[in-house]
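Fold and geometry: a report
What follows is each chain in one-letter form.
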Amino acid sequence: MGWDKMRKMTTFGLASLSLLPSLAMAAPPAVADKADNAFMMICTALVLFMTLPGIALFYGGLIRAKNVLSMLTQVSVTFAMVCVIWMLYGYSLAFSTGNAFFGDFSMAMLKNIQLTALVGTFYQYIHVSFQASFACITVGLIVGALAERIRFSAVLIFVAIWVTFSYLPIAHMVWSGGLLAQDGALDFAGGTVVHINAAVAGLVGAYLVGKRAGFGKEAFKPHNLPMVFTGTAILYVGWFGFNAGSASAANEIAALAFLNTVMATAGAMLSWTFGEWALRGKPSLLGVCSGAIAGLVAITPACGYVGVGGALVIGIIGGLAGLWGVTVLKRWLRVDDPCDVFGVHGVCGIVGCILTGVFASSSLGGVGYAPGVTMGHQIWVQLYSVGITVVWTGVVAFIAFKVADMTVGLRVTEDHEREGLDVNSHGENAYNQ
């Protein structure tokens, strides 16, 4: 909800109380709204659809044919793991009161949540499901940086540790009144919680697991670009649940987030396409798909705070930033990130978070800042939130990967890697002749 809207609601509420002094000061009890409940269930289903099958197909098409089933399996099983963790203690640690960094266990196993309990005007069980879908896709993003050489059991150990000690506290800090929320950080739908969080963890993992055998000497091309396009299209449609659903109601802010998602994605697709055309002489389908994801990532933290013009500018900048991330920054980092998790989600997530502090200004068409906050201060808070997220997830990811390495080993043998993870890790072939 924008600050201007909040101020109007507060003014109306105080005026009403002054006119009716005989009424109790307590707010009227919340009432379930059928439209909001239906809206949030649809949004939740769309975000779940982003992971299975969206991320699975997008990443599966980007890697070689001998490893596509391993990618689909990793995304699917980690999805299931996160769902179970979320019910056991994840939702409680992320969204109960707790302290500045963690919630508590008051809602572990979803105890103390009544069937009719509400979050705003929709049922809390839907909120549990909606937020679970965010945790699931965040983990799904990470595995793209580890593709084609990591041991399956190591992925599972990493996920259990990282979700507990990185995703949950950052979600609490940003969305549940924790440290970053108290400092005024703006992240409407997951720039820090989802994209930067996942991208930095993936980057750490890519360094620790090492480069693929033959990297830099052999050609590693996407094995199925139509599959990449299909995954991109699913992600694009699902992203409306991701962004609009973060308004938590079928209201004007959801409508703003929806339109901003359309415009930012269009701007990024064009800027990436024309940028690649200028650099390489030909526009590619992979570039179009990557541009779409770059725009979606960049607008995520900003979609409910900025105006439509601001969203278009964020998308255009995000597309160019993502192109730079996968063509220039990737070489500087000397990292083997097969699905460009950091180059797109990390770079565009950071760009989007910072630009949220700029274009949220009412003078630039945004909803405005909190009372007394200037653009300079808000940009500083955005930078601070990015820094906290990068350091926190980087440290936790390093520890989690090291634990996995010490217990089962991070990497498959070179023989198994060259033959393919589909056969050696899962006993299957994607394409049987």
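Let's shift gears to the packing of aromatic side chains. Following the criterion strictly, the structure yields 19 aromatic pairs and no others. Their ring planes at 10° and their centres at 4.0 Å tell us that Phe-158 and Phe-401 sit as a pair that is stacked. Taken together, the residues span a long stretch of sequence, with Phe-158 in helix H5 (residues 152-175) and Phe-401 in helix H13 (residues 375-407) at a distance of 243 residues. An identical accessibility class is assigned to Phe-158 and Phe-401; each is buried. For the pair Trp-239 and Phe-242, a centre-to-centre distance of 5.4 Å together with 65° between the ring planes defines the contact as edge-to-face. On the criterion of helical spacing, the pair formed by Trp-239 and Phe-242 is a turn pair, its members being 3 residues apart in helix H8 (residues 225-244). Chaining the aromatic ring pairs together yields one cluster made of Phe-130, Phe-134, Trp-175, Trp-239 and Phe-242.

In this section: the nonpolar core. Among soluble globular proteins, nonpolar side chains are generally buried collectively. Formed by 121 residues in total, the largest nonpolar core has its most connected members in Tyr-59, Trp-86, Phe-158, Trp-162 and Tyr-167. At 12 residues, H5 tops the list of elements feeding residues into this core.

Turning next to the confidence of the model for the chain. Confidence in the prediction for the chain averages 93 pLDDT; 93% of positions are at 70 or higher. Predicted confidence is poor over residues 1-24, with pLDDT under 50, and the contacts of this stretch with residues over four places away or in other chains come to 20 contacts.

Let us look at the pattern of salt bridges. Across all of its chains, the model carries 8 salt bridges by this definition. A salt bridge links Glu-218 to Arg-418; the nearest nitrogen and oxygen atoms lie 3.1 Å apart. Taken as a pair, Glu-218 in the loop between helix H7 (191-209) and H8 and Arg-418 in helix H14 (residues 414-419) lie far apart in primary sequence, 200 residues in all. Under the relative-accessibility criterion, Glu-218 is labelled partly exposed at 37%. For Arg-418, a relative accessible area of 40% gives the class partly exposed. Ionic contacts of the salt-bridge type, sharing partners, join the residues Arg-64, Glu-148, Arg-212 and Asp-336 into one network.

Criteria and cut-off values
- Residues numbered from 1 in each chain as written.
- Predicted model: local features only at pLDDT ≥ 70, side-chain atom pairs only at ≥ 80, totals over all residues.
- Heavy atoms only, no water.
- Phe/Tyr/Trp six-rings, centres within 6.5 Å; stacked < 30°, edge-to-face > 60°.
- Helix = DSSP H or I, 4+ residues; strand = E, 2+ residues; numbered from the N terminus.
- Buried < 20%, exposed > 50% of the residue type's maximum accessible area, 1.4 Å probe, protein only.
- Core = buried A, V, L, I, M, F, W, Y, C linked by side-chain atoms within 4.5 Å.
- pLDDT = per-residue confidence, 0-100.
- Contact = heavy atoms within 4.5 Å.
- Salt bridge = Lys/Arg side-chain N within 4 Å of Asp/Glu carboxyl O.

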